[in-house]
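# Analysis of the macromolecular model
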Amino acid sequence: MENYKNITAQNNLPYVRLFIFSFFSVTFLVGAPGSILIIHSVLVRRSLQNPRNYFIVNLACSDITTLLTFFPFYTSNIAQFLPFMPQVLCKIGMTSSVVLVTVSVSTHVAIALERRRAIVFPLLPKPSSKKIKIIILIIWTVSIIVSSHTLYLGTVYDGNVCGWNLNLKTYAEFFFWFYGATRFLLPVGILTGSYWQIIHTLRKNKGQAEISLGNKAITRRFKNQRKAVRCLMALVSAFVLLNLPFNTGLVFFMRMTKFIDRITITYYLIITLCINFMVFALNPIILYLGSTEYHLAFNETFKQWMVFCCKMFSCCNENKYIKNRPMSAPVATLSFKITASKRDG
């Protein structure tokens, strides 16, 4: 416990608070509107309503839930803004982080398997939207059930600091190994195998697309498939690379707590978890830059939001806009005739 008090004293340093607060603020300001844009775009545009984008909406829902629930809890916990941390809030906060990570990982796996079905086995029947919604419901249900045991590990130190109860060494060690295997190693293996099959199939189909250059429909479909796979692989790569330092450090430091200072471990986990959280801000940016459909949908939605904000805050004069708007030829001719008749009369 004395070591943890030293960590508490270190975390109270102003520059640590400033770093955590500024980093989380930027991530929140980019990630939250971006996730809302993804959800709104898929709900509004019928061209985006397909199984792949339904899973992307589920990923955005997981991101926005993390930003709105776990982010404030984690910021107040690390920077110790709360004078007192209730035990119930600590257990729920720590468990919610594991649940949301499990949902994100499972959704990435579901996207990869769905793309594998569509490209490697195109003759298989396309899943209906009802089936996709059932799969998403199963993902959330299983994630909550599998992660519920972490309620036992969350505990409060020094009255206002929430963390894992490392006194339960055997159970904590099992949890961290189980967490690393099921939330990182196994999903990475499935994602690697699925996208390798997808890339191999696309390379085989490239010759067929080059032969049928006269058929614009086949060529366009092939290009769209390649572009969608590149975008999804960018999402997966960002997820894996940003999660790698935290997950490997979690397992490594669990075995090396006797040889490494606890303060060093804490700072490493804080920095790598902040890097881990960058994925919430990168997902909307990757979709905006990598997908033409999301690029157009984001631009259209952004323009609608700007018009709505202008009307709400009276930033634009609609009557002046209508007055200065150029008239079409029939309307202009009719207006000229009416003006001429009034002048002659």
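Residues numbered from 1 in each chain as written. Predicted model: local features only at pLDDT ≥ 70, side-chain atom pairs only at ≥ 80, totals over all residues. Heavy atoms only, no water.

### Comments concerning the packing of helix α4 (residues 87-120) against helix α5 (residues 129-147)
Geometrically, a packed helix pair is captured by the angle between its two axes and the distance between the axes. Quick reminder of the rule: To obtain each axis, a line is fitted to C-alpha atoms, and for helices this fit is confined to the stretch in contact; angles are then taken between N-to-C directions over 0 to 180 degrees. Put simply, DSSP H or I for four residues or longer makes a helix, DSSP E for two residues or longer makes a strand, and each gets a number counted from the N terminus. When describing relative orientation, an angle under 35 degrees is termed roughly parallel and one over 145 degrees roughly antiparallel, while 65 to 115 degrees is termed roughly perpendicular and anything else oblique. In this scheme, a crossing is called left-handed if the near helix is turned counterclockwise away from the far one by less than a right angle; it is called right-handed if the turn is clockwise. Contacts: residue pairs with any heavy atoms within 4.5 Å of one another. In this classification, the charged set is Asp, Glu, Lys and Arg, the nonpolar set is Ala, Val, Leu, Ile, Met, Phe, Trp, Tyr, Cys and Pro, and all remaining amino acids, among them Gly, are polar.
Between α4 and α5, the least distance of the axes is 9 Å, while the angle of their chain directions is 140 degrees. Compared by their axis directions, α4 and α5 come out oblique. Two packed elements cross with a definite hand, and for α4 against α5 that hand is right-handed. Side by side, α4 and α5 meet where T95, V98, V99, L100, T102, V103, S106, T107 and A110 of the first sit next to I139, W140, S143, I144 and S147 of the second. Here the residues of the contact of α4 with α5 are counted per class, giving 8 nonpolar, 6 polar and no charged.

### Regarding the environment of F19
Defined as follows: Only protein chains enter the accessibility calculation, which uses a 1.4 Å probe. A residue is then buried if its area is under 20% of the maximum for its type, exposed if over 50%, and partly exposed in between.
Relative to the assigned elements, F19 resides in helix α2 (residues 14-44). Exposure remark for F19: the relative accessible area of 37% places this residue in the partly exposed category. In sequence terms F19 and I271 are 252 residues apart; their C-alpha atoms lie 9.8 Å from each other.

### Some details on empty space enclosed by the protein
Test applied: Site definitions follow a grid-based scheme: protein atoms alone, a 1 Å grid, a 1.4 Å probe that fits but cannot get out for cavities, and for pockets an open set with protein on both sides within 12 Å along at least five of seven lines, plus lining residues having an atom within 4 Å of a point. Grid points are joined across faces, edges and corners, and a volume is the space filled by probe spheres set on the points.
Inspection of every chain in the model, using the stated rule, returns 3 cavities of 30 Å³ or more. Approximately 40 Å³ is the volume attributed to the second largest cavity. Going through the elements one at a time, α2, α3 (51-79) and α8 (262-290) are the ones with two or more residues in the lining of the second largest cavity. Looking at the lining of the second largest cavity element by element, the count peaks at 4 residues for α3.

### Overview of a nonpolar patch on the surface
Where we set the bar: Grouping into patches uses exposed residues only, defined as over 30% relative accessible area, and leaves out salt-bridged ones; the cut-off is 9 Å for like charges and 5 Å for nonpolar side chains (Val, Leu, Ile, Met, Phe, Trp, Tyr). Using a 1.4 Å probe, accessible areas were evaluated by the Shrake-Rupley method; residue-level cover was limited to the displayed protein chains. Note on definitions: salt bridges are taken to be side-chain nitrogens of Lys or Arg within 4 Å of carboxyl oxygens of Asp or Glu.
Where nonpolar side chains cluster on the molecular surface, the patch consists of V26, F28, L29, V30, L68, I285 and L289 and spans about 670 Å² of accessible area. Here the nonpolar patch takes 4 residues from α2, the largest share from any one element. Position of F28 among the secondary structure elements: in helix α2. Judged by its relative accessible area of 30%, F28 is partly exposed.

### Digging into α4
The condition is simple: Any helix carries an expected span of 1.5 Å times its number of residues minus one.
The end-to-end C-alpha separation of α4 is 49 Å, in line with the 50 Å expected for 34 residues at 1.5 Å each. Most of α4 sits out of view: 24 of its 34 residues are buried.

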